Amino acid sequence: MKLFAIVLSVWMLFYPLCPIQTCSAASATPPHVIYLTFDDGPTDSTTPKVLDILSEKKVCATFFVIGRQIKGREKIIKRIAQNGHSIGIHSYSHRYEEIYQSPSALLDDIEHCRQAIVSVLPRYHRKIYRFPGGSFLCPNLRDAVTAAGYRYYDWNAAAGDAEGNFTAQELFQNSISTSKDKEPVVLLLHDGVGYRETIKALPQIIDYFQKNGYRFKTL
């Protein structure tokens, strides 16, 4: 818990205020809004179970996908889109040492990932991006991403499911404590391989925000 708190505190020093799009332009922004965001999918072990829960709870989310993991999981990508969720670019390789070498290396990786999505969803046109690890890791590359026409989105709350071996209850508590006084809430979760506790925590997280008057939207 201490390590997670330290990491989140350092991140908050650099958190950029990015504009956020809603999935329902016709309605006024409600008093409370939450954006569930999932990084590092698609995977066979986690993403379908996350989608099952979202469907059961009737809420939408945003999936920042890794391009190299799309091949062989085309049905999962199609299901994400068909269920009304948003798909964003996270990376093709997710190898920090490669993609953060230079602006051109980063943009090449982004384009590679975009092409992987388009190969499954030919009408895909979204230009939303999440830096692996967060944009605070490479502030010198932010301008290159925006100049290429992308909006990048970090987060202002996190379950901490990639920070340590937390239980589902701890992930739930992290989600609640880090989202306090945030408006809107952009909650970081993961749907990579082996996130069993995230799957267990997700229904409780959704129930909490629904009971507290939050509306779920996509980026």
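Peer 1: Before we go on, may I ask you to explain the overall build of the protein in this structure?
Peer 2: Helix and strand counts for the protein come out as eight helices and eight strands. Looking at the protein as a whole, 52% of its 219 residues qualify as buried. On the protein, roughly 10,500 Å² of surface is accessible, and the fraction owed to carbon and sulfur atoms is 53%.

Peer 1: Would you take a moment to explain helix α7 (residues 168–179) for this structure?
Peer 2: For α7, built from 12 residues, the straight-helix expectation of 16 Å at 1.5 Å per residue is met to within 8% by its first-to-last C-alpha distance of 17 Å. All buried positions along α7 are accounted for by A168, L171, F172, N174, S175, I176, T178 and S179. Once α7 ends, the next one or two residues include D181, with phi positive near 65 degrees.

Peer 1: Sorry, what's going on with the pattern of salt bridges here?
Peer 2: Any two side chains of opposite charge can pair, given that their charged atoms come close. Evaluation of the coordinates by the stated rule reveals six salt bridges. In this structure, the salt-bridge partner of E111 is R114, at a minimum N-O distance of 2.9 Å. Placement of the pair is E111 and R114 together in helix α5 (residues 103–118), with a separation of three residues, close to one helical turn. Judged by relative accessible area, which is 32%, E111 ranks as partly exposed.

Peer 1: Explain the environment of E197 here, please?
Peer 2: Along the polypeptide, E197 turns up in helix α8 (residues 196–211). Exposure remark for E197: the relative accessible area of 26% places this residue in the partly exposed category. In this structure, the C-alpha to C-alpha distance between E197 and N165, residues 32 residues apart in sequence, is 8.8 Å. When near neighbours in sequence (up to four residues on either side) are disregarded, E197 contacts F166, T167, A168 and L171.

Peer 1: Before we go on, may I ask you to explain the packing of helix α2 (residues 47–57) against α8 in this structure?
Peer 2: Helix packing for two helices is described by the angle between their axes and how far apart those axes are. At a closest axis distance of 10 Å, the pairing of α2 and α8 adopts a crossing angle of 25 degrees. On the basis of their axis angle, the class for α2 and α8 is roughly parallel. Seen from above, α2 lies across α8 with right-handed handedness. Seen from α2, the contacting residues are K49, V50, I53, L54 and K57; seen from α8, they are I199, L202, P203, I206, D207 and Q210. Looking at the contact of α2 with α8 residue by residue, the class counts come to seven nonpolar, one polar and three charged.

Peer 1: Sorry, what's going on with the confidence of the model for the protein here?
Peer 2: In low-pLDDT segments, the atomic positions of the prediction should not be examined closely. Predicted confidence across the protein gives a mean pLDDT of 90, with 86% of residues reaching 70 or more. For the stretch residues 1–29, pLDDT sits under 50, and the model shows 55 contacts to residues farther than four places along the chain or on other chains.

Peer 1: Mind showing me how you'd approach the packing of aromatic side chains here?
Peer 2: Each aromatic ring pair is specified by the distance between its two centres and by the angle formed by the two planes. Applying the stated criterion to the full structure yields eight aromatic pairs. A centroid spacing of 5.9 Å and a plane angle of 80 degrees characterise the contact between F172 and Y208, whose relative ring orientation is edge-to-face. Residue F172 is located in helix α7, and its partner Y208 is located in helix α8; the two are separated by 36 residues in the primary sequence. On the accessibility criterion, F172 (9% relative accessible area) is buried. Under the relative-accessibility criterion, Y208 is labelled partly exposed at 29%. Judged by centre distance (5.2 Å) and plane angle (90 degrees), the ring pair of Y208 and F209 falls under edge-to-face. Under the relative-accessibility criterion, F209 is labelled buried at 0%. Among the aromatic residues, ring-to-ring pairing joins Y96, Y100, Y129, F131 and Y152 into one connected group. Taking NZ or CZ as reference, K127 lies 4.6 Å from the ring centre of Y150, over its face.

Peer 1: Teacher, can you tell me more about the packing of α2 against helix α3 (residues 74–82) here?
Peer 2: For the pair α2 and α3, the least separation of the axes is 11 Å and the interaxial angle reads 20 degrees. With respect to each other, α2 and α3 are oriented roughly parallel. Between α2 and α3 lies a crossing whose hand is left-handed. Contacts between α2 and α3 involve T47, P48, L51, D52 and S55 on the former and, on the latter, I76, R79 and I80. Here the contact of α2 with α3 is composed, by residue class, of four nonpolar, two polar and two charged.

Cut-offs and rules
Residues numbered from 1 in each chain as written. Predicted model: local features only at pLDDT ≥ 70, side-chain atom pairs only at ≥ 80, totals over all residues. Heavy atoms only, no water. Helix = DSSP H or I, 4+ residues; strand = E, 2+ residues; numbered from the N terminus. Buried < 20%, exposed > 50% of the residue type's maximum accessible area, 1.4 Å probe, protein only. Areas by Shrake-Rupley, 256 points an atom, 1.4 Å probe, with all protein chains shown as cover. Expected span 1.5 Å × (residues − 1). Salt bridge = Lys/Arg side-chain N within 4 Å of Asp/Glu carboxyl O. Contact = heavy atoms within 4.5 Å. Axes fitted to C-alpha atoms, helices over the stretch in contact; angles between N-to-C directions. Parallel < 35°, antiparallel > 145°, perpendicular 65-115°, else oblique. Left-handed = near helix turned anticlockwise from the far one by under 90°. Nonpolar A, V, L, I, M, F, W, Y, C, P; charged D, E, K, R; others polar. pLDDT = per-residue confidence, 0-100. Phe/Tyr/Trp six-rings, centres within 6.5 Å; stacked < 30°, edge-to-face > 60°. Lys NZ or Arg CZ within 6 Å of the ring centre and 35° of its normal.

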